[in-house]
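Chains, contacts and geometry: an overview
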Amino acid sequence: CCYMPVWPKSGDFSIHSLDCNGKFGGKLDVVVNPYGIDYHGSGYLVISDLKEGYLLKTTPEGKALWDKHADARTPGILNQPFGVVILPNEYVAVTESGNHRVSIFSDIGNLVVRFGRKGSDPGEFNNPQGICLHSSNQLIIVDAGNRRLQIFSLESLELFFIATDEQNVNTTMCTDDDVYVTMDAKV
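Residues numbered from 1 in each chain as written. Predicted model: local features only at pLDDT ≥ 70, side-chain atom pairs only at ≥ 80, totals over all residues. Heavy atoms only, no water.

Notes on the overall build of the protein
As a reminder, the rule being used: Each helix is a run of DSSP H or I of at least 4 residues and each strand a run of E of at least 2, with the numbering of both proceeding from the N terminus. When accessible area is computed with a 1.4 Å probe and restricted to protein chains, residues below 20% of their type maximum are described as buried, those above 50% as exposed, and intermediate ones as partly exposed. In what follows, a contact means two residues having at least one pair of non-hydrogen atoms within 4.5 Å. Calculation of accessible area relied on Shrake-Rupley with a 1.4 Å probe; when residues are assessed, cover is drawn exclusively from the protein chains displayed.
Across its full length, the protein carries zero helices and 16 strands. Out of the 187 residues in the protein, the part that is buried amounts to 44%. The long-range share in the protein, meaning contacts at least 24 apart out of those at least 6 apart in sequence, stands at 34%. For the protein, the computed accessible surface area is about 9,500 Å², with 49% contributed by carbon and sulfur atoms.

This is the structure in structure tokens:
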């Protein structure tokens, strides 16, 4: 029913599945330090590895689906990849906290485009973290260091709207109609 990264104090980072009743299922050890994760309804996951700096597209059983030479699987291609979202065309968007930008990879893992840079102007980021896609085809990015959400048109990647608050913004989740964010660790 869902998958989540687990970061125990022991340092045994892993992905765990939960059934629809909230009971823990299997453990998936496919990346060193999992952080961002998204599940596609056709039965695959995309996971960011925060420490090694890459993405992995995998089955729930742990079979890698991108060729080992795909851009997204190259260690260090990303600098602190945080949030991950699978787009309608099965491309993958990921926030890079270390490079203050967003990278988009094709359905086979090749780099398509990057946008953003460090700063506080519209379209610039400071420690981007969460990312989700709203049903209105808007890419919503948590610009944590600037304490705001930046909302981009998925088709053009042009900035559509900026929402700001005086609180820390950390993560985000989109449903068909709503956007949820954590602010100062509260929803």
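More follows now that the structure is in view.
Digging into the sheet that holds strand β5 (residues 44-49)
Hydrogen bonding along the main chain pairs the strands of a sheet, whether they run parallel or antiparallel. Let me state the cut-off plainly: Being paired, for any two strands, means DSSP has found at least two bridges between them. Axis lines are fitted to C-alpha atoms, over the contacting stretch for helices. Their N-to-C directions set the angle, which ranges from 0 to 180 degrees.
A sheet is described by the order of its strands in space; here three strands give the open sequence β4-β5-β6, paired in antiparallel fashion. One side of each edge strand has no neighbouring strand; the edge strands of this open sheet are β4 (34-40) and β6 (54-58). Averaged over all pairs of adjacent strands, the angle between their axes in this sheet comes to 20°, without regard to strand direction. In this structure, β5 lies alongside β6, joined through five bridges in antiparallel fashion. Directly across from D49, in β6, lies its bridge partner Y54.

Quick word on the nonpolar core
Put simply, the test is: Nonpolar cores are built from buried Ala, Val, Leu, Ile, Met, Phe, Trp, Tyr and Cys residues. Side-chain atoms within 4.5 Å join them into one set.
Ranked by size, the top nonpolar core spans 13 residues in total, and within it L87, F115, L139 and I141 carry the most contacts. Where this core is concerned, the elements lending two or more residues are β9 (101-105), β11 (128-134) and β12 (138-143). If we skip the residues at most four places from it in the chain, I141 touches T95, V102, F115, F125, P128, G130, I131, R148, L149, Q150 and F152. In this structure, V84, I86, V92 and F105 belong to the second largest nonpolar core, which totals 12 residues.

Side note on the sheet that holds β9
Strand order across the open sheet formed by four strands is β7-β8-β9-β10, with antiparallel pairing between neighbours. Of all strands in the sheet, those bounded by a partner on one side alone are β7 (81-86) and β10 (111-115). Strand-to-strand twist in this sheet, taken as the mean axis angle between neighbours without regard to direction, amounts to 20°. Pairing of β7 with strand β8 (residues 92-96), which is carried by four bridges, proceeds in the antiparallel orientation. Paired with V84 across the two strands is V94, which belongs to β8.

Looking at the pattern of salt bridges
We apply this condition: When a carboxyl oxygen of Asp or Glu lies within 4 Å of a side-chain nitrogen of Lys or Arg, that pair is called a salt bridge.
All chains considered together, the criterion is met by four salt bridges. One salt bridge in this structure joins E96 and R101, with 2.8 Å as the shortest N-O distance. By the burial criterion, E96 is buried, and R101 matches it. With a closest N to O distance of 2.7 Å, R148 and D143 form a salt bridge. The pair formed by R148 and D143 is uniform in burial state, with each residue classed as buried.

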